[in-house]
Amino acid sequence: MKPLLFCLDGNLALQAGLAARARLQPAACQLRQFPDEESYVRVLSDVQGRDSVVLCSLHRPNSLFIPLCFLMENLRELGSRSVGLVAPYLAYMRQDQRFHPGEVISARLFAALLAPHIDWLVTVDPHLHRIHDLGTLYPLPQRVVHAAPALATWIASEIARPLLIGPDSESEQWVSEVARLAKAPFVVLQKVRLGDRQVAVSVPDIERWREHTPVLIDDIISTGHTLLKTAEHLQQSGMRPPVALAVHGVFAEHAQRELQAAGIQAITSNSISHASNAIDLSELLAHAIEELAP
Ligand SMILES: O=P(O)(O)OC[C@H]1O[C@@H](O)[C@H](O)[C@@H]1O
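Not measured: the values here are computed from a predicted model.

Thresholds, definitions, all that
- Residues numbered from 1 in each chain as written.
- Predicted model: local features only at pLDDT ≥ 70, side-chain atom pairs only at ≥ 80, totals over all residues.
- Heavy atoms only, no water.
- Helix = DSSP H or I, 4+ residues; strand = E, 2+ residues; numbered from the N terminus.
- Rg over C-alpha atoms; globule rule 2.2 N^0.38 Å.
- Buried < 20%, exposed > 50% of the residue type's maximum accessible area, 1.4 Å probe, protein only.
- Contact = heavy atoms within 4.5 Å.
- Phe/Tyr/Trp six-rings, centres within 6.5 Å; stacked < 30°, edge-to-face > 60°.
- Lys NZ or Arg CZ within 6 Å of the ring centre and 35° of its normal.
- Pairing = 2+ DSSP bridges.
- Axes fitted to C-alpha atoms, helices over the stretch in contact; angles between N-to-C directions.
- Core = buried A, V, L, I, M, F, W, Y, C linked by side-chain atoms within 4.5 Å.
- Domains from an automatic or database assignment.

Peer 1: Explain the overall build of the protein to me, please; I cannot follow it from the model alone.
Peer 2: Scanning the protein from terminus to terminus reveals nine helices and 16 strands. Since a compact globule built from 294 residues should have a radius of gyration of about 19 Å, the 20 Å found for the protein is in line with a globular shape. Burial analysis of the protein (294 residues in total) assigns 54% to the buried set. Counted over contacts in the protein with a minimum sequence separation of 6, partners at least 24 positions apart contribute 65%.

Structure follows, in structure tokens:
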């Protein structure tokens, strides 16, 4: 029997894509909040003796974490043989060390809370910066899907004469791979983070790329300030308005509005459901799921 596929984050398009490509059977659950914000979760499919897969990007981690744990443990109590998690966006990966004395290393602690509930994990380009192996945080069967081939295909078909730009050294791992696959030139800029919402970006001499279309590549758009600052500097250097490609469109606070106001076209993958989704990851995710699902 096909494993059942539950979707907790409302990404129904991705659920349908995965069900078709990874031979999973869509299943239903209900999630709501009580007036005091406690979570109510109900499984509406028969899971007895079945393997279950839960699709849930963790872009709103604090509000999704409790329902996700409730659902996964409930699936076991109701007789599910196994529970795998497909979290295309994995949260709490950026605070992977104590930058200031006394800070919580949330990447490690969040993983320690989540891992005991899952049998296997599939995610997309987790923000592995100082920790290079996801298995260090999640010591269980897991696959990391890389969105680079899908981003490169989109660029090759949509942008004439692209110049790929990584806003900071962290982004080099993504931009260099996308550039290789798209057979396009790339540059990496220097960024200094001044706070949660403040960044400063410096641009090297990009005179010779004037005739190219700048394509910013990053793993995450959160507040959008990294992209906004980068675009501002590119504009001052006489470049055309950039297209911004990111794997994960978190779009925290007013990010979407501010990017639009700055004339930046944001394009994202469907790791998180959003109006900017133009890059479908279901095929790449389906391969990874088929390797792990029983
Ligand atoms: O500037 P915002 O959008 O808030 O944050 C996203 C950036 O912060 C970094 O960790 C990510 O790799 C990305 O460059």
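Peer 1: Would you explain the packing of aromatic side chains in this entry?
Peer 2: Aromatic rings considered in pairs are described by the distance between their centres and by the relative angle of their planes. Under the counting rule described, the total for this entry stands at three aromatic pairs. Measuring from centroid to centroid gives 5.9 Å for F34 and Y40, while their planes differ by 85°, and the two rings are edge-to-face. Look at F34 and you get partly exposed, because its relative accessible area is 31%. Taking relative accessible area as the criterion, Y40 reaches 24% and is therefore assigned partly exposed. Taken together, a centroid distance of 5.3 Å and an interplanar angle of 55° make the contact between F65 and F110 tilted. Placement of the pair is F65 in helix α2 (residues 61-77) and F110 in helix α3 (residues 106-114), with a sequence separation of 45 residues. Of the two residues examined, F65 and F110, each falls in the buried class. Clustering of aromatic rings is evident, with ring pairs tying together F65, Y92 and F110. Geometry around F34 places R32 over its ring, the cationic atom sitting 5.2 Å from the centre. Residue placement shows R32 over the ring face of Y40; its charged tip is 4.3 Å from the ring centre.

Peer 1: I tried to follow the sheet that holds strand β14 (residues 243-249) on my own but got confused; where do I start?
Peer 2: In any sheet, the strands associate via hydrogen bonds between backbone groups, in a parallel or an antiparallel arrangement. Ordered by their spatial adjacency, six strands build an open sheet running β10-β9-β13-β14-β15-β16, and the pairing between neighbours is parallel. Pairing within the sheet leaves two strands with one partner each, and these edge strands are β10 (186-188) and β16 (277-279). The mean angle between the axes of side-by-side strands here comes to 35°, regardless of whether they run parallel or antiparallel. Strand direction decides the pairing type here: strand β15 (residues 265-269) and β16, joined by two bridges, are parallel. Among the inter-strand pairings, S269 is bridged to a residue of β16, identified as I279. Across the sheet, helix α7 (residues 225-236) lies against β9 (162-166), β13 (213-221) and β14, angled at about 165° from β13, the strand it touches most.

Peer 1: So what exactly am I meant to see when it comes to the nonpolar core here?
Peer 2: A general trend in soluble globular proteins is that nonpolar side chains are found buried together. Ranked by size, the top nonpolar core spans 43 residues in total, and within it I217 and L245 carry the most contacts. When residues are assigned to domains, this core turns out to be shared by domain 1 (4-146 + 281-292) and domain 2 (148-270), each giving three or more. Not counting residues up to four positions away in its chain, the partners in contact with I217 are L151, I155, L164, I165, G166, P167, S171, W174, V175, V178 and L245. Formed by 41 residues, the second largest nonpolar core is a distinct cluster that contains C29, L64, L71 and L114.

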